[in-house]
Amino acid sequence: MDYENRQAPEGINTDAEHPLRLFLRLAFAAVALLLIIVLVLQFSGGWLAKRIPFRTEQAIIEKMGIDFGDEADSAEILDYLNSLAQRLLTNMPRRESLDVVVHYSSDETFNAFATIGGNLLFYRGLLERIPHENALAMVLAHEIAHVLHRDPVAGLGGGVASTVAIAVLSGNAGSGVAGKVIGRAGVLGGMEFTRRMEREADRAGLAAVAAVYGHVAGAEALFQLVADQRGESKVPAWLARFTSTHPLDADRIRSIARHAEESGWSDEGVVTPLPAGFDEWLESGS
Amino acid sequence: MYEAAFFLLLLLLGYGFGRLAERRHFARLVVREREMNTLPAIASRYPPTDRAYAQHLVGGNVVVSSDYFKSFVAGLVNIFGGRVAPYESLIDRARREAVLRMKDEAHGLQATYVFNVKFETTRIAVGRTGAMEVLAYGTAMIPSTGDS
């Protein structure tokens with residue numbers, strides 16, 4: 001009997017498709033799939049979370065017993081912030097049950113945010129850089145708008161739903177690099193959701209400022225302040241636009257100017273100075 | 001930002017070097033296989049009975065690991081299913097290389113055939129990507145000296 005090994009033709013056990021082509025095809029499909037899942041879950045999770053009564057939100061926060069800021073020693077600044085908040089709130093379309101409480105922290109953090117239960121926290125680091133009341137009113141109105149739109153609870157609900165989905169999908173892609181990248185991309189997808197919230201809060205906030213002061217002069221000072229604080233960014237604008245939770249400062253300034261023009265609000269007017277003791281009030285908490 | 005750049009760099013390096021190594025290896029495999037085809041490796045359990053042979057166990061094993069690019073693409077395939085093409089070429093190379101190493105050993109023993117050839121694979125955990133061992137072994141048939 002004759003035995004022989006014939007040379008087998010090449011390509012039987014390998015795929016003819018170019019590896020880069022395969023990579024691009026799969027990467028494109030994975031990103032598309034991920035974006036769809038994250039957006040659907042962000043919206044549906046957010047939509048469901050908004051069904052939670054505001055009172056429940058407040059009760060949860062109360063039960064958790066979170067201490068926002070330094071309440072005891074900052075009576076004056078709290079009075080001022082809360083009365084300004086109420087002035088703005090009465091000029092914003094809202095459901096009666098929704099209310100806000102402003103808290104103050106003497107921490108140097110340059111930030112202010114709204115969280116569930118209508119709680120707003122303002123840090124000294126931001127407040128001490130605010131040039132006038134109009135800019136402060138813009139931040140306050142922006143954060144109040146988040147509460148009125150139920151953004152904190154929607155963000156939480158949508159965030160939890162999409163985080164679970166991303167974890168499942170990235171787990172499927174293996175514990176290696178692909179899984180990690182998928183997870184990262186999913187988080188980026190979710191950011192479009194928060195950017196949309198920010199844009200809407202900007203618009204609602206601007207409307208409240210216009211209603212209270214009769215003009216929107218000084219409102220853009222806030223974003224200028226944020227931009228200065230952030231400093232020169234090394235990340236190119238087109239990339240930052242996609243990878244940031246907030247719209248770009250320059251985009252926001254342009255966008256509120258356009259919105260003011262469309263709505264017929266004057267961007268010229270006298271800005272209201274901050275009350276005389278403002279700086280001392282800030283000190284009191286520390 | 002830096003992380004993304006680093007990731008792309010690794011992906012690019014993985015692709016570039018992985019592809020280059022694969023091409024060169026396939027070219028070498030073809031040449032060596034042609035040379036070694038004079039020493040057939042046969043899967044049959046029934047050796048020729050035309051003459052007396054000394055029998056000797058021979059084997060060749062290869063451990064292969066994936067590169068960054070292949071692992072990444074394989075991870076993506078895991079989502080949608082289908083052929084894990086990046087690993088197919090890798091395993092093909094490993095299997096053919098293992099056979100050649102087995103034949104090299106048999107050739108050194110002046111064997112004329114290798115019978116009862118079998119393959120085994122084992123997964124070896126190396127870091128997160130892992131590696132695969134492919135073992136080819138068989139019985140080298142060495143014509144007995146003194147037998148005409």
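The rules behind the values
- Residues numbered from 1 in each chain as written.
- Chains lettered and ligands numbered in written order.
- Predicted model: local features only at pLDDT ≥ 70, side-chain atom pairs only at ≥ 80, totals over all residues.
- Helix = DSSP H or I, 4+ residues; strand = E, 2+ residues; numbered from the N terminus.
- Buried ≥ 20, exposed ≤ 12 C-beta atoms within 10 Å, placed from the backbone.
- Pairing = 2+ DSSP bridges.
- Axes fitted to C-alpha atoms, helices over the stretch in contact; angles between N-to-C directions.
- pLDDT = per-residue confidence, 0-100.
- Contact = placed C-beta atoms within 7 Å.
- Core = buried A, V, L, I, M, F, W, Y, C linked by C-beta atoms within 7 Å.
- Left-handed = near helix turned anticlockwise from the far one by under 90°.
- Nonpolar A, V, L, I, M, F, W, Y, C, P; charged D, E, K, R; others polar.
- Expected span 1.5 Å × (residues − 1).
- Arc of directions from axis to C-beta.
- Parallel < 35°, antiparallel > 145°, perpendicular 65-115°, else oblique.

**Student:** Tell me about the overall build of chain B, and please be specific about residues and values.
**Tutor:** Summing up its helical and strand segments, chain B has three helices and three strands in all. Across the 148 residues of chain B, 29% fall into the buried class.

**Student:** Describe the overall build of chain A, listing the residues and the values that go with them.
**Tutor:** Broken down by element type, chain A carries eleven helices and three strands. Secondary structure elements of chain A, listed N to C terminal, follow the sequence α-α-α-β-β-β-α-α-α-α-α-α-α-α. Across the 286 residues in chain A, those meeting the buried criterion constitute 37%.

**Student:** Give a description of the sheet that holds strand β3 (residues 119-123) of chain A that names residues and reports values.
**Tutor:** Residue and element names in this part refer to chain A. Ordered in space as β1-β3-β2, the three strands form an open sheet in which the pairing is mixed. Only two strands of the sheet have a single partner each, and these edge strands are β1 (101-105) and β2 (112-115). The sheet shows a mean angle of 20° between the axes of neighbouring strands, taken without regard to direction. Here β2 runs beside β3; their pairing, made up of four bridges, is antiparallel.

**Student:** Explain the confidence of the model for chain A residue by residue, including any values.
**Tutor:** Predicted confidence across chain A gives a mean pLDDT of 81, with 85% of residues reaching 70 or more. Confidence, expressed as mean pLDDT per element, reaches its minimum in chain A at helix α9 (residues 237-243) of chain A with 65 and its maximum at helix α5 (residues 133-148) of chain A with 91.

**Student:** So, unusual backbone geometry: which residues are in play, and what are the values?
**Tutor:** Negative phi is the rule for most residues except glycine; trans is the rule for most peptide bonds. At R150 of chain A, a position not held by glycine, the phi torsion is positive, near 60°. Here R150 of chain A lies in the loop between α5 and α6 (151-172). Taking the C-beta count within 10 Å as the criterion, R150 of chain A has 23 such neighbours and is therefore assigned buried. The residue Q110 of chain B is not glycine, and still its phi comes out positive at about 60°.

**Student:** Outline the sheet that holds strand β2 (residues 113-124) of chain B, supporting the account with residue identities and numerical values.
**Tutor:** By definition, the strands of a sheet pair up through backbone hydrogen bonds, in either a parallel or an antiparallel sense. Residue and element names in this part refer to chain B. Taken in spatial order, the three strands line up as β1-β3-β2 in an open sheet, and their pairing is antiparallel. Edge positions in the open sheet fall to β1 (53-65) and β2, since each of these has one partner strand only. Adjacent strand axes in the sheet meet at a mean angle of 15°, parallel and antiparallel pairs treated alike. Note: β2 against strand β3 (residues 131-143), ten bridges, orientation antiparallel. Bridge assignment links F119 to a residue of β3, and that residue is A136. Lying over the sheet, helix α3 (residues 85-108) contacts β1, β2 and β3, oriented at roughly 150° with respect to β1.

**Student:** Requested: an account of the nonpolar core, with residues and values cited.
**Tutor:** By size, the foremost hydrophobic cluster in this structure holds 48 residues, and its most contacted members are F122, A141, I144 and V209 of chain A. At eleven residues, α5 of chain A tops the list of elements feeding residues into this core. Excluding its chain neighbours within four sequence positions, the residues that come into contact with I144 of chain A are A85, L88, L89, M92 and V100 of chain A. Within the second largest apolar cluster, 20 residues are counted, among which are Y53, L90, M102 and V117 of chain B.

**Student:** For the packing of helix α1 (residues 2-36) of chain B against α3 of chain B, give the residues involved together with the corresponding values.
**Tutor:** Residues and elements named next belong to chain B. For the pair α1 and α3, the least separation of the axes is 10 Å and the interaxial angle reads 35°. The crossing of α1 and α3 is left-handed. When α1 is examined against α3, the residues E22, H25, F26, L29, R32, E33 and M36 are found in contact with a partner set consisting of S89, R93, R96, E97, L100 and K103. Class assignment of the residues belonging to the contact of α1 with α3 gives a composition of four nonpolar, two polar and seven charged.

**Student:** Let's hear about helix α10 (residues 249-263) of chain A: which residues, and what values?
**Tutor:** Residues and elements named next belong to chain A. A rise of 1.5 Å per residue sets the reference length of α10, with its 15 residues, at 21 Å; its end C-alpha atoms lie 21 Å apart and thus fit the reference within 8%. Within α10, burial applies to D249, R252, I256 and A260. Taken end-on, α10 shows its buried residues confined to a sector of 65°, consistent with a single buried face. Counted as exposed and oriented over 90 degrees from the buried face of α10: A250, R258, E261 and E262. Within two residues after α10, G264 carries a phi angle of roughly 75°, on the positive side.

**Student:** So, the confidence of the model for chain B: which residues are in play, and what are the values?
**Tutor:** Low-pLDDT stretches of the model should not have their predicted coordinates read in fine detail. For chain B, mean pLDDT is 89; residues scoring 70 or higher make up 94% of the total. This prediction of the complex comes with two scores: 0.65 for pTM and 0.80 for ipTM.

**Student:** Quick rundown of the pairing of β3 of chain B? Include the residues and the values.
**Tutor:** Judged from the 13 bridges that link them, β1 of chain B and β3 of chain B form a sheet pairing that is antiparallel. When the sheet's bridge partners are listed, G60 of chain B is paired in β3 of chain B with A136 of chain B.

**Student:** Talk me through the packing of helix α2 (residues 68-80) of chain B against α3 of chain B; I want residue IDs and the actual numbers.
**Tutor:** All names here are of chain B. Close contact between α2 and α3 brings their axes to 8 Å; oriented N to C, the two are set at 130°. With respect to α3, the axis of α2 lies oblique. Facing α2, whose interface residues are K70, V73 and A74, α3 presents P86, Y87 and L90. Residue composition of the contact of α2 with α3, grouped by class: five nonpolar, no polar and one charged.

**Student:** Could you give an account of the environment of G159 of chain A, naming the residues involved and the relevant values?
**Tutor:** Along the chain, G159 of chain A falls in helix α6. Along the chain, G159 of chain A and T194 of chain A lie 35 residues apart, while their C-alpha atoms are 9.9 Å from each other.

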